[in-house]
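Remarks on the overall topology
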Amino acid sequence: PKIAALIVAAGRGTRAGGAVAKQWQPLCGKRVIDHTLTAFQRYPKIERIIIVLSAGDMAEAEGFTAQGCLVAEGGADRAASVRNGLALLGDADLVLIHDAARPCVTPQIIDGVIDALATDAAAAPGLPVTDALWVAEDGAVAGTQDRTALYAAQTPQGFDAATIRAAHAAFKGVAADDVEVARAAGVAVAITLGSVDNLKITVPGDLSRAARILESSMD
Ligand code: CTP
Ligand code: MG
């Protein structure tokens with residue numbers, strides 16, 4: 001199958017703070033987004049890489065098109081950004097949709113998703129929740145939630161191209177990720193093995209965590 005990667009980088013990075021959005025912040029000698037892109041460029045089976053940038057960042061597009069990537073303009077929310085990227089899929093059979101803010105993604109995680117797509121129309125990495133989970137009321141613990149069926153959602157989330165295009169075309173509302181969009185269309189999504197190292201840079205301390213993860217993987 002022809003496999004495309006779609007990297008969404010059109011968010012504002014509000015929670016992470018900083019002078020520029022998190023995907024543009026420095027991390028181990030290059031920008032966060034460059035680490036993310038490198039992970040997919042090095043992965044042998046990816047034939048097309050699409051990057052989604054915000055309208056205000058389109059001046060960065062040339063740096064990516066010069067590397068053979070396609071660039072789309074982002075939208076008001078993540079789902080809108082993904083939809084704009086999906087328009088550039090061409091004849092790809094499968095698409096891996098990934099957060100630019102997850103620069104520590106590994107070949108093993110990508111392998112897991114692609115392997116699952118041999119039999120499933122949708123597959124995504126999940127990380128079993130390990131901490132006990134409390135349900136709170138008025139700042140006090142009102143109960144403990146059973147976590148045996150709970151996973152933290154990660155990316156890349158992989159899909160049959162026609163299936164995710166149709167799901168996004170039909171979707172109304174706000175979604176945290178593409179698994180939610182697929183599920184809204186009735187698509188079953190297989191869970192593959194995620195990793196605690198595949199963190200999403202979300203709050204300020206995450207950048208230094210990502211730096212430690214990348215440094216230890218270079219040893
Ligand atoms: N994203 C996007 N377009 C949007 C919103 C988000 O492409 N309109 C991307 C972000 O760039 C990021 C990924 O979706 O790579 C995951 O979103 P999130 O972690 O929420 O990033 P931000 O929306 O940028 O951060 P925040 O919610 O803190 O503002
Ligand atoms: Mg966001």
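Now for a quick tour of the structure. Keep in mind the model is a prediction, meaning the values are calculated, not measured. (Residues numbered from 1 in each chain as written. Chains lettered and ligands numbered in written order. Predicted model: local features only at pLDDT ≥ 70, side-chain atom pairs only at ≥ 80, totals over all residues.)

1. Thoughts on the packing of helix 3 (residues 78-86) against helix 5 (residues 161-170)
Defined as follows: Axes, fitted as lines to C-alpha atoms, cover a helix only where it is in contact. Angles between the N-to-C directions of the axes lie from 0 to 180 degrees. Secondary structure elements follow DSSP: runs of H or I no shorter than four residues count as helices, runs of E no shorter than two count as strands, and numbering proceeds from the N terminus. Here roughly perpendicular refers to angles of 65 to 115 degrees, roughly parallel to angles under 35, roughly antiparallel to angles over 145, and oblique to all remaining angles. Should the near helix be turned anticlockwise from the far one by less than a right angle, the crossing is left-handed, and should it be turned clockwise, the crossing is right-handed. Distance between backbone-placed C-beta atoms decides contact: two residues are in contact if it is within 7 Å. Just so you know the grouping, Ala, Val, Leu, Ile, Met, Phe, Trp, Tyr, Cys and Pro go in nonpolar, Asp, Glu, Lys and Arg go in charged, and all remaining residues, Gly too, go in polar.
For the pair helix 3 and helix 5, interaxial distance at closest approach is 10 Å and the crossing angle is 135°. Accordingly, the angle class assigned to the pair helix 3 and helix 5 is oblique. Regarding helix 3 and helix 5, the two cross each other, and that crossing is left-handed. Mapping the contact onto sequence places Ala79, Val82, Arg83 and Leu86 in helix 3 and Ile164, Arg165 and His168 in helix 5. Its residues assigned to classes, the contact of helix 3 with helix 5 shows 4 nonpolar, 1 polar and 2 charged.

2. What about the site of ligand 1?
Cut-off, in case you're wondering: Each residue receives a C-beta atom built from its backbone; the residue is near a molecule or strand if that atom lies within 6 Å of it.
Close contacts around ligand 1 come from 23 residues, with Val8, Ala10, Gly11, Thr14 and Arg15 the closest. Contributing elements (two or more residues each) for the shell around ligand 1: strand 1 (3-9) and helix 3.

3. A few points about the environment of Ala185
Examined against the element boundaries, Ala185 turns out to sit in the loop between helix 6 (178-184) and strand 12 (190-193). Taking the C-alpha atoms as reference points, Ala185 and Ile97, 88 residues apart in sequence, are found 17 Å from one another. With residues near it in sequence (within four places) discarded, Ala185 still touches Ala166, Ala167 and Ala170.

4. So, helix 1 (residues 32-41)
Because each turn of an α-helix spans 3.6 residues, side chains separated by three or four positions in sequence point in the same direction. Definition in use: Counting other C-beta atoms within 10 Å of a residue's C-beta gives its exposure: the residue is buried at 20 or more, exposed at 12 or fewer, and partly exposed in between, where C-beta atoms are placed from the backbone.
Among the 10 residues in helix 1, 8 count as buried, and that is most of the element. Within helix 1, the full set of buried residues consists of Val32, Ile33, Asp34, His35, Thr36, Leu37, Ala39 and Phe40. At its buried positions, helix 1 is contacted by strand 1, strand 2 (26-27), strand 3 (30-31), strand 4 (46-53), strand 6 (94-99) and helix 7 (206-218).

5. Concerning the nonpolar core
Test applied: Working definition: the nonpolar core is a set of buried Ala, Val, Leu, Ile, Met, Phe, Trp, Tyr and Cys residues, joined through C-beta atoms within 7 Å.
If you look at the biggest cluster of nonpolar residues, it comprises 56 residues, and the most contacted ones within it are Leu6, Ile7 and Val95. Looking at this core, the element that brings in the most residues is strand 1, giving 7 residues. In contact with Val95, not counting residues within four places along its chain, are Ala4, Leu6, Leu89, Phe159, Ala161 and Ile164.

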